[in-house]
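Residues per chain are reported as follows:
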Amino acid sequence: MTYLTRDPIALDALLAEVSSPARGGTCAFLGTVRNGPDEAGVTAIEYSAYDVMVEAELERITAEARERCPGAGVAVRHRLGMIPVGEASIAIVAAASHRAQAFEACRYVIEEVKRRVPVWKKELRADGSAVWVDASGHPTTSPPAHV
Amino acid sequence: MPFAPPSGTIRVRFFARYAELVGRAEAAVSVPLPATVGDVVRRVREQLPGACDIPERPLTAVNLRHVKLDASVRDGDEVALLPPIAGG
């Protein structure tokens, strides 16, 4: 199983991975590259990763989600490389017998991704600058605290 | 013969901003055993040019799992120094 891609994410493929007659609720989450009022003219984000650890960590996270929501199916893709504003960097699809478990599994995966999956992003800005940023979009020049 | 403590060679990986600081993606670091991840980080910061700008207590992983700095390391382990995670 590979959870990483350098191409645009095809949501249909993820939906097909978890679709089943016994699963009546499907929840999809897309995280997209943003240039909102809090960003300084972001044109794209370059994503990089510790690839083998991403694969291992996502394998563990999706297994945990299925344990929390028995019978659920979970599919995840994280895109790496240069991603322009408006395109998805991550897609998560969770399907379960009922909507509550589908929402729960989907939410669990994205929250654990944010906390555990070793991916980094460098914002490319309209003024030509490039800045490493943390999960909240703040520059990572100050020393982070250890977890 | 003088007693020589055993030593281990650790493969240290750098990513994102930390890789830019040290100008490389990995290094082999020798440490006297027993040793912890914290010992490896200290040795990296002392020995590699540019590594003094890596925090004293960075996020770390050993063999693809997150660990704290007091985790022990063995000869042949892969220790990764991880900048603040920004996935998703």
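This text gives an overview of the structure that appears in the document.

1. What to know about the overall build of chain B
Helices and strands together make up the secondary structure of chain B, namely two helices and seven strands. Seen in sequence order, chain B has helices and strands lined up from the N terminus as β-α-β-β-α-β-β-β-β. For 88 residues, the compact-globule estimate of 2.2 N^0.38 gives 12 Å, and chain B sits close to it at 13 Å. Each principal axis of the C-alpha distribution contributes one length, and for chain B these read about 55 × 25 × 20 Å.

2. Quick look at unusual backbone geometry
Residues and elements named next belong to chain B. A cis amide bond, omega 0°, links Leu33 with the succeeding residue Pro34. Topologically, Pro34 is positioned in the loop between β2 (26-32) and β3 (35-36). Residue Asn63 is not a glycine yet carries a positive backbone phi of 50°. Take Asn63: it is sitting in the loop between β4 (59-62) and β5 (65-67). By the C-beta count within 10 Å, which is 15 here, Asn63 ends up partly exposed. Unusually for a residue other than glycine, Leu64 sits at a positive phi of about 75°. Locating Leu64 in the fold gives a position in the loop between β4 and β5.

3. As for the interface of chain A and chain B
At the junction of the two partners, chain A supplies 27 residues and chain B supplies 20 residues. Elements supplying a minimum of two residues to the side of chain A that touches chain B: α2 (51-68), β6 (88-96), α3 (99-116), β7 (119-125) and β8 (130-133) of chain A. The element contributing the most residues to the side of chain A that touches chain B is α3 of chain A, with four residues.

4. As for α3 of chain A
Residue and element names in this part refer to chain A. Between its first and last C-alpha, α3 extends 26 Å over 18 residues, near the 26 Å set by a 1.5 Å rise per residue. Taken together, the buried positions of α3 are occupied by Gln101, Ala102, Ala105, Cys106, Tyr108, Val109 and Val113. For α3, the buried positions fall inside an angular range of 160° around the axis, keeping them on one side. Across from the buried face of α3, at angles greater than 90 degrees, the exposed residues are Ala100 and Glu111.

5. Focus: the sheet that holds β7 of chain A
Residue and element names in this part refer to chain A. Strand order in the open sheet formed by four strands is β5-β3-β7-β8, and the pairing between neighbours is antiparallel. The outermost strands of the open sheet, each flanked by one partner alone, are β5 (81-84) and β8. Averaged over all adjacent pairs, the angle separating strand axes in this sheet is 30°, with direction ignored. For strand β3 (residues 42-49) and β5, the ladder comprises four bridges, and the chain directions are antiparallel.

6. Concerning the nonpolar core
Counting residues in each nonpolar core, the largest one holds 64 residues, and the members touching the most others are Ala65, Ala72, Val74, Ala94, Ala105 and Val109 of chain A together with Val40 of chain B. If near-sequence neighbours (up to four positions away) are discounted, Val74 of chain A is found in contact with Val18, Thr62, Ala65, Arg66, Ala94, Ala105 and Val109 of chain A.

What counts and what doesn't
Here the residue index of a chain counts from 1 through its sequence in written order. Chain letters and ligand numbers both follow the written order, the letters beginning at A and the numbers at 1. For this predicted model, a pLDDT threshold of at least 70 governs which residues receive local features, and a threshold of 80 or more governs which side-chain atom pairs are given and counted, while totals over whole chains, interfaces and linings are taken from all residues. Put simply, DSSP H or I for four residues or longer makes a helix, DSSP E for two residues or longer makes a strand, and each gets a number counted from the N terminus. C-alpha atoms define the radius of gyration, and 2.2 Å times the number of residues to the power 0.38 defines the globule rule. Counting other C-beta atoms within 10 Å of its own, a residue is labelled buried from 20 upward, exposed at 12 or fewer, and partly exposed in the gap between, with every C-beta atom placed from the backbone. Residues are defined as contacting one another if the C-beta atoms placed from their backbone atoms lie within 7 Å. Here the expected span of a helix is defined as 1.5 Å times the quantity of residues minus one. As used here, the arc belongs to the directions running from the helix axis to the C-beta atoms. Here, strands pair whenever DSSP counts at least two bridges between them. Think of each axis as a best-fit line through the C-alpha atoms, taken over the contacting stretch in the case of a helix, with angles from 0 to 180 degrees between the N-to-C directions. To define a nonpolar core, we join buried Ala, Val, Leu, Ile, Met, Phe, Trp, Tyr and Cys residues through C-beta atoms within 7 Å and take the resulting set.

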